[in-house]
Amino acid sequence: MRLRLPEERPKEPPTGYKIAHPVLSQDGTRAGFTGVSLGAALPYAVLDEAHCVYGRRHEAPHRRCDCGFHCVHERAAAEAFLCIAEHRRAALLEVTVLGAYIRFERGFRYARQRVRTATVRPCGCGARASLLVDAGWGRPGWQVLESACGGCAGRRTALRLAEFARIAGEGLTVLGARPGSGVPPRGLGVPELLAEAALLQARLDVFQGELARLAKGERN
Ligand SMILES: [Zn+2]
Ligand SMILES: [Zn+2]
């Protein structure tokens, strides 16, 4: 009887996608990210190793634990998480999965990670972001940053996107998402929400039509 899954030996390390908040160390000399769910209390650098979030003395990812870095295979699946209200200000990360990994249907759980690109959301006003500013919350020793345009940054601590990338190091690229791409900006008015709802309804109609067609094909 075979108890282990076949081992994979990819030629190139796999690519994955996830969302996280950019963070800056208290003294401003280090930059990285902090996750949005499990492991959110442990900020990580651009190139970093996973540790068991429960402090157990095993290597992450362990088969009988849920520790390790997590990512999904599809960019769209990671973008879907950005729709959740409390994740609206998070950045989309494209990562290289390094070291041991466990593959799931939707993604990986793994030992080491390199963040290659971070795409930050447009400013809360809808304009393309050029800065990362103090988001007003953080972790011990780390302040969380959120994207902003020059007009909305005010007097908060602010870093240009390229400056954040330089401090984070390891060849990280930080991009500002094009306004209107993906998730709607915070603070949409009723007309925008109605337009959004109409668009969703139209998509749903197409989807239901497809489904009915498939179901009919199956019966024949
Ligand atoms: Zn563990
Ligand atoms: Zn703005």
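Residues numbered from 1 in each chain as written. Chains lettered and ligands numbered in written order. Predicted model: local features only at pLDDT ≥ 70, side-chain atom pairs only at ≥ 80, totals over all residues. Heavy atoms only, no water.

A. Region of interest: the overall build of the protein chain. Broken down by element type, the protein chain carries 3 helices and 10 strands. Going from N to C terminus, the protein chain has its helices and strands arranged as β-β-β-β-α-β-β-β-β-β-α-β-α. Across the 220 residues that make up the protein chain, the buried fraction comes to 39%. In the protein chain, the proportion of contacts linking residues at least 24 apart, taken out of those at least 6 apart, comes to 63%. In the form shown here, the protein chain has an accessible surface area of approximately 13500 Å², with 53% of it arising from carbon and sulfur atoms. (Helix = DSSP H or I, 4+ residues; strand = E, 2+ residues; numbered from the N terminus. Buried < 20%, exposed > 50% of the residue type's maximum accessible area, 1.4 Å probe, protein only. Contact = heavy atoms within 4.5 Å. Areas by Shrake-Rupley, 256 points an atom, 1.4 Å probe, with all protein chains shown as cover.)

B. A look at the pattern of salt bridges. As enumerated under the stated definition, the model contains 8 salt bridges in all. When the shortest N-O distance is used, the salt bridge between R116 and E94 registers 2.5 Å. A residue pair is termed long-range when its members are at least 10 positions apart, and R116 in strand β6 (residues 107-120) and E94 in strand β5 (residues 91-103) qualify at 22 residues. Judged by relative accessible area, R116 falls into the partly exposed class, the value being 30%. Between R114 and E170 there is a salt bridge, with its nearest N and O atoms 3.5 Å apart. Of this pair, R114 sits in strand β6 while E170 sits in the loop between α2 (161-168) and β10 (173-176), and the two are 56 residues apart along the sequence. (Salt bridge = Lys/Arg side-chain N within 4 Å of Asp/Glu carboxyl O.)

C. View of the coordination of the zinc ion (ligand 1). Coordination sphere of the zinc ion (ligand 1), protein contribution only: C52 (SG), H58 (NE2), C65 (SG) and C67 (SG), at 2.1 to 2.3 Å. Each donor residue of the zinc ion (ligand 1) lies on one chain, and together they are spaced C-x5-H-x6-C-x1-C. Here C67 lies in the loop between β3 (47-49) and β4 (69-72) and C52 lies in the loop between β3 and β4, a separation of 15 residues in the sequence. The residues C52 and C67 share a single accessibility class, namely buried. (Donors = N, O, S within 2.8 Å, 3.2 Å for Na, K, Ca; no water.)

D. Expanded view of the coordination of the zinc ion (ligand 2). Looking at the metal site, the zinc ion (ligand 2) is ligated by C123 (SG), C125 (SG), C149 (SG) and C152 (SG), spaced 2.3 to 2.4 Å from it. Take C149: its relative accessible area is 11%, and that puts it in the buried class.

E. A look at α2. Along α2, the residues that are buried comprise L161, F164, A165, I167 and A168. Seen along its axis, α2 keeps its buried residues to an arc of 165°; they face one direction. Exposed residues on α2 whose side chains face more than 90 degrees from its buried face are A162 and R166. Phi turns positive one or two residues past the end of α2, at G169, with a value near 75°. (Arc of directions from axis to C-beta.)

F. A look at unusual backbone geometry. Following A60, the chain continues to P61 via a peptide bond in cis, the omega torsion being 0°. Relative to the helices and strands, P61 resides in the loop between β3 and β4. Residues other than glycine seldom take positive phi values, yet E170 does so here, at roughly 55°.

G. Here's a closer look at the packing of aromatic side chains. For the coordinates displayed, the defined rule picks out 5 aromatic pairs. One aromatic cluster is present, formed by F33, Y44, F69, Y110 and F164 through successive ring pairs. (Phe/Tyr/Trp six-rings, centres within 6.5 Å; stacked < 30°, edge-to-face > 60°.)

H. Spatial organisation of the nonpolar core. F33, L93, Y110, V115, F164 and L172 are the most contacted members of the largest nonpolar core, which totals 34 residues. Secondary-structure elements contributing two or more residues to this core are β1 (15-25), β2 (31-34), β4, β5, β6 and α2. Beyond its immediate sequence surroundings of up to four residues, Y110 is in contact with K18, A50, P61, G68, F69, H70, C71, V95, V97, L98, A100 and Y101. The next biggest cluster of nonpolar side chains, apart from the first, holds 8 residues, and it includes I19, A77, A78 and A90. (Core = buried A, V, L, I, M, F, W, Y, C linked by side-chain atoms within 4.5 Å.)

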